[in-house]
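# A look at the structure
Each chain, letter by letter, is given below.
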Amino acid sequence: MLFRILCKDEFRSLVGIFLESTEVIGPRKIDTGRDGKPVHQYLPVTSFAEIDLGYETTEIPAKTYFLPYKENLSTWRFSDDDWNQEISYRLQPRALIGLHACDINALLKLDKVMAREFYPSPYYISRRTNTFIVGIDHEPCVGGFCRSLGTDMVDRGFDLFLTDLGDRYFVAIDSDRGFTTLQRVAVREVTEQDTREYLAVRRKIASGFGPNLDVKQLPNLLDIEFESEVWNKWGSKCLSCGSCAMVCPTCYCYGVSEQVSMNFAEGAKVKSLYSCSLADFAQVAGGHNFRPKRESRLKYRYYHQHRGFVEAYDEPKCVGCGRCGRVCLAGINPPDIIRDMLAEEARI
Ligand code: SF4
Ligand code: SF4
């Protein structure tokens with residue numbers, strides 16, 4: 001990886017260059033929450049001033065720019081005794097500015113599923129390939145537990161990654177196009193003083209995290225504690241609303257439906273993201289539901305995050321962003337469930 005120093009005025013110019021030629025998405029303040037804190041979303045911007053790089057988190061993750069909640073996989077139309085099918089992928093370039101390390105790590109996890117060797121998703125890959133990603137370091141956010149999951153730092157999956165040194169950014173470059181893009185503004189080599197300041201900023205960020213959750217034993221523990229009372233305790237509170245999966249940057253489950261016009265002349269195959277917490281998620285033909293109880297659906301969600309994904313990809317699916325805990329009206333928060341599971345282990 002290469003490193004350079006970019007002063008803040010030059011970064012502003014860089015965003016200006018993006019704005020002239022491509023769609024730019026950045027964290028924008030859209031409201032003030034009940035707690036008085038600003039609410040941010042990743043939204044299209046038309047000027048640098050609209051981007052708030054000091055944001056804590058967003059309600060909706062950046063996955064929507066790679067896995068939209070709803071998209072047409074194909075459309076078809078009958079005409080002249082024949083039919084035409086159209087499949088289109090998003091090819092227009094896009095720049096995503098200001099992604100935090102946990103959200104870039106979330107994209108790397110989605111890559112494992114959506115861009116793997118067998119059955120890759122061309123819809124996802126075309127968006128991922130055509131999106132220029134500028135990440136940025138930040139202070140730990142309230143409710144986030146990314147450090148416990150090793151996702152508070154990232155060393156790939158972006159084009160440029162910024163660490164704020166006051167009047168300038170320490171920039172990590174992880175792609176050819178990142179390097180080429182930086183040639184369009186004034187950058188300089190890193191000095192020893194820059195490195196010292198960078199390491200001091202990293203140490204300060206690391207010291208701001210709360211106590212670590214020990215998730216290493218979780219896959220084994222989940223196997224042993226399949227019938228644990230923990231699932232009844234938390235599952236009985238669950239409203240089965242599905243919000244946790246909708247705001248999760250790594251949840252990708254979906255359904256596909258055929259939508260046909262009233263005159264049967266045209267239609268579309270539509271993909272919609274879905275949630276394993278919803279009552280009919282595991283319902284099959286004939287009406288049988290493999291997970292009819294909310295307790296079993298909540299348990300399944302945690303097994304996928306911390307057991308199944310580990311078995312398939314050697315790492316948990318959760319990045320500890322804390323969004324699901326923040327959005328849950330029932331107060332269900334992953335660190336509380338994980339602590340309860342770890343307490344079960346201590347009792348064994
Ligand atoms: S957001 Fe909370 S209440 Fe809704 S499905 Fe998820 S865990 Fe259940
Ligand atoms: S499960 Fe919750 S904390 Fe983990 S990545 Fe998804 S939204 Fe974030």
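Residues numbered from 1 in each chain as written. Chains lettered and ligands numbered in written order. Predicted model: local features only at pLDDT ≥ 70, side-chain atom pairs only at ≥ 80, totals over all residues. Heavy atoms only, no water.

What follows concerns the packing of aromatic side chains. Under the defined criterion, the tally for this structure stands at 16 aromatic pairs. Three or more aromatic residues joined by ring pairs form one cluster here, namely Phe226, Trp231, Tyr302 and Tyr303. One cation-aromatic arrangement involves Lys271 over Tyr254; the distance from NZ or CZ to the ring centre is 4.5 Å. (Phe/Tyr/Trp six-rings, centres within 6.5 Å; stacked < 30°, edge-to-face > 60°. Lys NZ or Arg CZ within 6 Å of the ring centre and 35° of its normal.)

You can see His40 is positioned in strand 3 (residues 38-45). Take His40: its relative accessible area is 2%, and that puts it in the buried class. A polar contact of 2.8 Å, which involves the side chain of His40, links it to the side chain of Asp52. Excluding anything up to four places from it in sequence, His40 contacts Pro27, Arg28, Lys29, Ile30, Asp52, Tyr55, Thr57, Thr58 and Glu59. (Helix = DSSP H or I, 4+ residues; strand = E, 2+ residues; numbered from the N terminus. Buried < 20%, exposed > 50% of the residue type's maximum accessible area, 1.4 Å probe, protein only. Polar contact = N/O pair within 3.5 Å; in protein donor to acceptor, adjacent residues only side chain to side chain. Contact = heavy atoms within 4.5 Å.)

For Ser240, which is not glycine, the phi torsion reads 55° and is therefore positive. Mapped onto the elements, Ser240 comes out in the loop between helix 7 (229-235) and helix 8 (243-247). For Ser240, a relative accessible area of 17% gives the class buried. Not every positive phi belongs to a glycine, and Asp314 is a case in point at roughly 65°.

So, on to the site of ligand 2. All residues adjacent to ligand 2 are Phe145, Cys248, Pro249, Arg301, Gln305, Cys318, Val319, Gly320, Cys321, Gly322 and Cys324. Taken together, the residues that form the shell around ligand 2 break down as seven nonpolar, three polar and one charged. (Near = heavy atom within 4 Å. Nonpolar A, V, L, I, M, F, W, Y, C, P; charged D, E, K, R; others polar.)

A few words now on the pattern of salt bridges. What the rule picks out here adds up to 27 salt bridges. Note that Asp111 is salt-bridged to Arg128, the shortest N-O span being 2.8 Å. Note that Asp111 is positioned in helix 2 (residues 101-114) and Arg128 in helix 3 (residues 122-129), a separation of 17 residues in sequence. Arg128 carries the same exposure label as Asp111, and that label is buried. Between Glu192 and Arg196 there is a salt bridge whose closest N-O contact spans 3.9 Å. (Salt bridge = Lys/Arg side-chain N within 4 Å of Asp/Glu carboxyl O.)

Here the focus is the pairing of strand 12 (residues 266-273). Pairing of strand 4 (residues 70-79) with strand 12, which is carried by seven bridges, proceeds in the antiparallel orientation. Bridging from a neighbouring strand, Ser74 pairs with Lys269 of strand 12. Note: strand 11 (residues 254-260) against strand 12, seven bridges, orientation antiparallel. Residue pairing in the sheet places Val256 in a bridge with Lys271 of strand 12. (Pairing = 2+ DSSP bridges.)

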